[in-house]
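Residues per chain are reported as follows:
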Amino acid sequence: KLIVDEETAWIVKRIFEYANAGMGTNKIATLFRQEQVPCPSWWLHQRGEKQYQKRFENPANKYEWSHTVIRNIIGNPLYLGHTVMCKTEIVFKVGKFKKVPEAEQIRVDNTHEPLVSQEVFDGANAKILSRRRDTTDNFVRAGEVWDVREGAGPALLDGETAQGLRLYHLCP
């Protein structure tokens, strides 16, 4: 059974509070650096659970928070009191890990005391997800121009003719 680490629980709760208030992961990381809140890897190193000698030769690294770490904390159902197993698997003979689809992971609910409520967890995740950039291909890449014809989509400028006419290649 997992037990709450009272020494660091306040940090996780603050992350969820800030995210629920609409603060993004970069902003939370910056705030934690300014307030000198120790990062998770420092706690592991301090307790002898992981060795990060090189990283913490510089004492300022104790407060180096990553927006990715904060995003992972916000999305982790562990803080709801649930345990998820088999999230990764090793690729045979290659020795690399790959993510297992969520449908194939094993989730056991209510295995330990939650740090945050379902409402706080859902709110924080919804607000963080709403801040993400649109990943659909509806933006202009460098070197592209938009064809002005209705619905034509992006076009690449191929060059100009001797008469000064611009030639475009329509992108599918």
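Up top is the structure these notes are about.
In this report, we go over the structure that sits alongside the text. In this text, all values refer to a predicted model and were calculated from it rather than measured experimentally.

Cut-off values and rules
Residues numbered from 1 in each chain as written. Predicted model: local features only at pLDDT ≥ 70, side-chain atom pairs only at ≥ 80, totals over all residues. Heavy atoms only, no water. Helix = DSSP H or I, 4+ residues; strand = E, 2+ residues; numbered from the N terminus. Contact = heavy atoms within 4.5 Å. Buried < 20%, exposed > 50% of the residue type's maximum accessible area, 1.4 Å probe, protein only. Expected span 1.5 Å × (residues − 1).

Things to note about the overall build of the chain
Each helix and strand counted, the chain has five helices and seven strands in total. Each helix (α) and strand (β) of the chain, taken in turn from the N terminus, gives the series α-α-α-α-β-β-β-β-α-β-β-β. Counting contacts in the chain only where the partners sit at least 6 residues apart, residues at least 24 apart contribute 54% of the total.

Observations concerning unusual backbone geometry
Phi is positive for Gln36, close to 55 degrees, though the residue is something other than glycine. Mapped onto the elements of the fold, Gln36 is located in the loop between helix H2 (25–35) and helix H3 (40–46). On the accessibility criterion, Gln36 (48% relative accessible area) is partly exposed. Phi at Lys93 is positive, roughly 70 degrees, even though this residue is not glycine. Structurally, Lys93 can be placed in the loop between strand E2 (88–90) and strand E3 (97–99). For Lys93, a relative accessible area of 76% translates into the label exposed.

Here's the deal with helix H5 (residues 118–130)
Taking 1.5 Å as the rise per residue, H5 with 13 residues should run 18 Å; its terminal C-alpha atoms sit 18 Å apart, in good agreement. Residues Phe121, Gly123, Ala124, Asn125 and Ile128 constitute the buried set of H5. Among the structural elements, helix H1 (6–20), H2 and helix H4 (67–74) are those in contact with the buried residues of H5.

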